[in-house]
Amino acid sequence: QVQVVESGGGLGQAGGSLSLSCAASGSTFRSDLMGWYRQAPGKQREVVALISSGGYTEYGNGVSGRFTISRDNAKNTVYLQISSLKPEDTAVYYCYVYSATKTYWGQGTQVTVSS
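### Quick look at the overall build of the chain
Alright, step 1. Helix and strand counts for the chain stand at zero helices and 11 strands.
Alright, step 2. Starting at the N terminus and walking to the C terminus, you meet the elements of the chain as β-β-β-β-β-β-β-β-β-β-β.
Alright, step 3. By the compact-globule yardstick of 13 Å for 115 residues, the chain fits well, its C-alpha radius of gyration being 13 Å.
Alright, step 4. Along the longest, intermediate and shortest principal axes, the C-alpha atoms of the chain span 45 × 25 × 25 Å.
Alright, step 5. The 115 residues of the chain split such that 41% are buried.

Structure representation (structure tokens):
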């Protein structure tokens, strides 16, 4: 069974920073692509950032340079750093994992930025 576990969400202050992490577990599991999606209140879910096992990254249209995605292949873990937090960053952030043609999702972690 593949498990996708997120952590790091919570309440952030505008101008501060937050770091999210997501670990995909399973002894034989390998993630070819990992990343983050988000869904803001009243909005559709959108891609935030994706990163391949080779380190290729792609950011969503609504994402600025304040977002940085990275991963640790050995730990099968993906990270998302959000700097200079803004209220519009408020959303539920979902971890995305693609491996062996299968897609897995985390349960979502709430990020709330107060102004």
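### A word on the nonpolar core
When a protein is soluble and globular, its nonpolar side chains tend to lie buried together.
Alright, step 1. Trp36, Val48, Val78, Leu80 and Tyr93 are the most contacted members of the largest nonpolar core, which has 24 residues in total.
Alright, step 2. The set of elements that each furnish at least two residues to this core consists of strand S3 (18–25), strand S4 (33–39), strand S5 (46–52), strand S7 (67–72), strand S8 (77–82), strand S9 (91–99) and strand S11 (109–114).

### Describing the state of the cysteines
Alright, step 1. The tally for this structure, following the rule as stated, stands at one disulfide.
Alright, step 2. The residue that forms a disulfide with Cys22 is Cys95, at a sulfur-sulfur distance of 1.9 Å. Around the S-S axis, the bridge from Cys22 to Cys95 shows a dihedral of about -85° and counts as left-handed. Taken together, the residues span a long stretch of sequence, with Cys22 in strand S3 and Cys95 in strand S9 at a distance of 73 residues.
Alright, step 3. Exposure remark for Cys22: the relative accessible area of 0% places this residue in the buried category.
Alright, step 4. Relative accessible area serves as the criterion here: at 0%, Cys95 is assigned to the buried category.

### A closer look at the pattern of salt bridges
Where charged atoms of side chains with opposite charge meet at close range, the side chains can pair.
Alright, step 1. Tallied over the entire structure, the rule returns two salt bridges.
Alright, step 2. Notably, a salt bridge pairs Arg66 with Asp89, separated by 2.9 Å at the nearest N-O pair. Separated by 23 residues along the polypeptide, Arg66 in the loop between strand S6 (57–59) and S7 and Asp89 in the loop between S8 and S9 bring together distant segments of the chain. In this pair, the class of Arg66 matches that of Asp89, namely buried.

### Overview of the sheet that holds S3
Alright, step 1. Ordered by their spatial adjacency, four strands build an open sheet running S1-S3-S8-S7, and the pairing between neighbours is antiparallel. Lying at the two open borders of the sheet, with one neighbouring strand each, are strand S1 (3–7) and S7. Each neighbouring strand pair of the sheet contributes to a mean axis angle of 15°, computed without reference to strand direction.
Alright, step 2. Pairing of S1 with S3 involves five bridges; the strand directions are antiparallel. Each bridged residue has a counterpart across the sheet, and for Glu6 the counterpart in S3 is Cys22.

What counts and how
- Residues numbered from 1 in each chain as written.
- Predicted model: local features only at pLDDT ≥ 70, side-chain atom pairs only at ≥ 80, totals over all residues.
- Heavy atoms only, no water.
- Helix = DSSP H or I, 4+ residues; strand = E, 2+ residues; numbered from the N terminus.
- Rg over C-alpha atoms; globule rule 2.2 N^0.38 Å.
- Buried < 20%, exposed > 50% of the residue type's maximum accessible area, 1.4 Å probe, protein only.
- Core = buried A, V, L, I, M, F, W, Y, C linked by side-chain atoms within 4.5 Å.
- Disulfide = S-S within 2.5 Å.
- Salt bridge = Lys/Arg side-chain N within 4 Å of Asp/Glu carboxyl O.
- Pairing = 2+ DSSP bridges.
- Axes fitted to C-alpha atoms, helices over the stretch in contact; angles between N-to-C directions.

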